Amino acid sequence: NPIGFGHNIASIGSEEEAAAGAALAKPPAAATDGQDEEGGEEDGDANAGGAAPAIGQKSLLFPHFEVYTHWRRATQIELHKELNRNIKLEFNKLFVAQLDLKRKEIEKVDEKRARIEEIINELRRLGQEPEEGEDVVIDTHADEDPELVLKVKDSEIKSEKYLSPEEQERAAKQKAEAEARAAAAGKDNLGTRGLIHMMNNTLESRREEDEIFIDIERPDFIELPADELTEEQRAALKDFEARVKKLEAEREKRGKGLQTELAKLRSEIAEICKGFNERLFGLSQSKMAYDQAIFESELLGIKWSQARLRREQAERMQASLTERLFVAKDNKVSTASRLADFKKEVDSVREVCEALAQDDKALERGVRRDLADAPEFVDVLLKLYR
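Residues numbered from 1 in each chain as written. Predicted model: local features only at pLDDT ≥ 70, side-chain atom pairs only at ≥ 80, totals over all residues. Heavy atoms only, no water.

(A) Region of the structure containing the overall build of the protein chain. Secondary structure assignment for the protein chain yields six helices and zero strands. Burial statistics for the protein chain: of 386 residues in total, 26% are counted as buried. If you take every contact in the protein chain between residues at least 6 apart in sequence, the share linking residues at least 24 apart comes to 85%. For the protein chain, the accessible surface area stands at approximately 28000 Å², while carbon and sulfur atoms represent 54% of it. (Helix = DSSP H or I, 4+ residues; strand = E, 2+ residues; numbered from the N terminus. Buried < 20%, exposed > 50% of the residue type's maximum accessible area, 1.4 Å probe, protein only. Contact = heavy atoms within 4.5 Å. Areas by Shrake-Rupley, 256 points an atom, 1.4 Å probe, with all protein chains shown as cover.)

In structure tokens:
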């Protein structure tokens, strides 16, 4: 639609949204802050990054590949929060400028629409119908003026306003006084009578172009047959017809001029809408770039926060494992002493067992020796012995 109008700028930007289209100037690499370097997965997270809007030189921002220490990540997160705020403020300036432009364009369109209404009324007074065209009604959106939320219009109040008896009495008294003043002024007002009598109830002088709307008074004898007219009447009739023809020509000329002006005004309104919509499209493209910068900066903050969290978790895990190691070492010492005592006990028991085994073997040899004369009973007796 060539005369569509971006009626809701608030859908493009807000206090919490912004991003930019140019790249943020990166400062030179700064010296390390004395922290130990951390490698591996955390370095990969810190290196994520991209373009950011040009909101000025940020000398405290490190290149992404140099943000690898714990406290450097912490400071860069806070600096990027401030950067995001500045980006949003920068976009808000563009948004406010676009909103001011919209209000000015609406004023221009309203002026032209008022003139269009005048032209349409004049054309209808001339007995002509205006050319068809789309008349745009333009206004600001409620979201574009937050202060309207706090204002209540009379049309929004459906119930009748309550008046106390004192307020009703005071309103009735004021109404009676106003009616009395109006009645007194209407009795005999010299100024009003003079205005009506001399200037047709208006202080504005009649413009010559307004005379074109006044019909020429028809002569009384115009209905008479031609043979009954006198020479003076024929001359007056001829003059009347010439004046009517001239008036119709002037009306036709005036109508064409008004139609031309009407088409021109509608074309100008369409051009205003088209130009504003182009600027609005540019603002929407800028918002996408601003959003991209914001999201990239927030992503950096998230990655750095995750890296710091992983380091803190690793430190907590290391502390827990170290504590468990100390406990295990203490348990090892105590267990080693108990093991030595147990080994001594085992050795003493082993000696006893060996002595008993030697005694058993000696007894078995003695039995065999004693029963050497009856070898057929040796095995049976040994089984019984055992």
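Now that the structure has been shown, we can carry on.
(B) Spotlight on helix 2 (residues 70-125). Between its terminal C-alpha atoms helix 2 stretches 82 Å, which fits the 82 Å expected from 56 residues at 1.5 Å a residue. Looking at the residues trailing helix 2, positive phi occurs at G127, about 80°. (Expected span 1.5 Å × (residues − 1).)

(C) View of the nonpolar core. In this structure, I116 and I119 are the most contacted members of the largest nonpolar core, which totals 14 residues. Among the secondary structure elements, those contributing two or more residues to this core are helix 2 and helix 5 (231-370). Core analysis: the second largest hydrophobic core is formed by 11 residues, L61, F95, L280 and Y290 among them. (Core = buried A, V, L, I, M, F, W, Y, C linked by side-chain atoms within 4.5 Å.)

(D) Examining a negative patch on the surface more closely. There is a patch of like negative charges on the surface, built from E107, D110, E111 and D139. With respect to the element layout, D139 can be found in the loop between helix 2 and helix 3 (165-187). (Patch = residues over 30% accessible without salt bridge, like charges linked within 9 Å, V, L, I, M, F, W, Y side chains within 5 Å. Salt bridge = Lys/Arg side-chain N within 4 Å of Asp/Glu carboxyl O. Lys, Arg positive; Asp, Glu negative; His and termini not counted. Charge placed at Lys NZ, Arg CZ, Asp CG, Glu CD.)

(E) Local environment of a nonpolar patch on the surface. On the surface, F377, V380, L381 and L384 cluster together to form a nonpolar patch covering roughly 410 Å² of accessible area. With respect to the helices, strands and loops of the structure, F377 is situated in the loop between helix 5 and helix 6 (378-385). Using a relative accessible area of 46% as the deciding quantity, one classes F377 as partly exposed.

(F) Up close: the packing of aromatic side chains. Counted by the stated rule, this structure contains one aromatic pair. Over the aromatic face of F62 sits the side chain of R72, whose NZ or CZ is 4.2 Å from the ring centroid. Directly above the aromatic system of Y68 lies the positively charged group of R72, at a separation of 5.4 Å from the ring centroid. (Phe/Tyr/Trp six-rings, centres within 6.5 Å; stacked < 30°, edge-to-face > 60°. Lys NZ or Arg CZ within 6 Å of the ring centre and 35° of its normal.)

(G) Region of the structure containing the environment of I120. Structurally, I120 can be placed in helix 2. With 138 residues separating them in the primary sequence, I120 and L258 have C-alpha atoms 8.4 Å apart. When near neighbours in sequence (up to four residues on either side) are disregarded, I120 contacts P130 and R266.

(H) Highlighting the confidence of the model for the protein chain. Across the protein chain, the average pLDDT comes to 75, with 71% of residues at or above 70. Every residue in residues 14-52 scores below 50 in pLDDT, and together they form 106 contacts with partners more than four places removed in sequence or on other chains. Of the regions scoring below 50 in pLDDT, residues 200-206 engages in eight contacts with residues more than four places distant in sequence or in other chains. (pLDDT = per-residue confidence, 0-100.)

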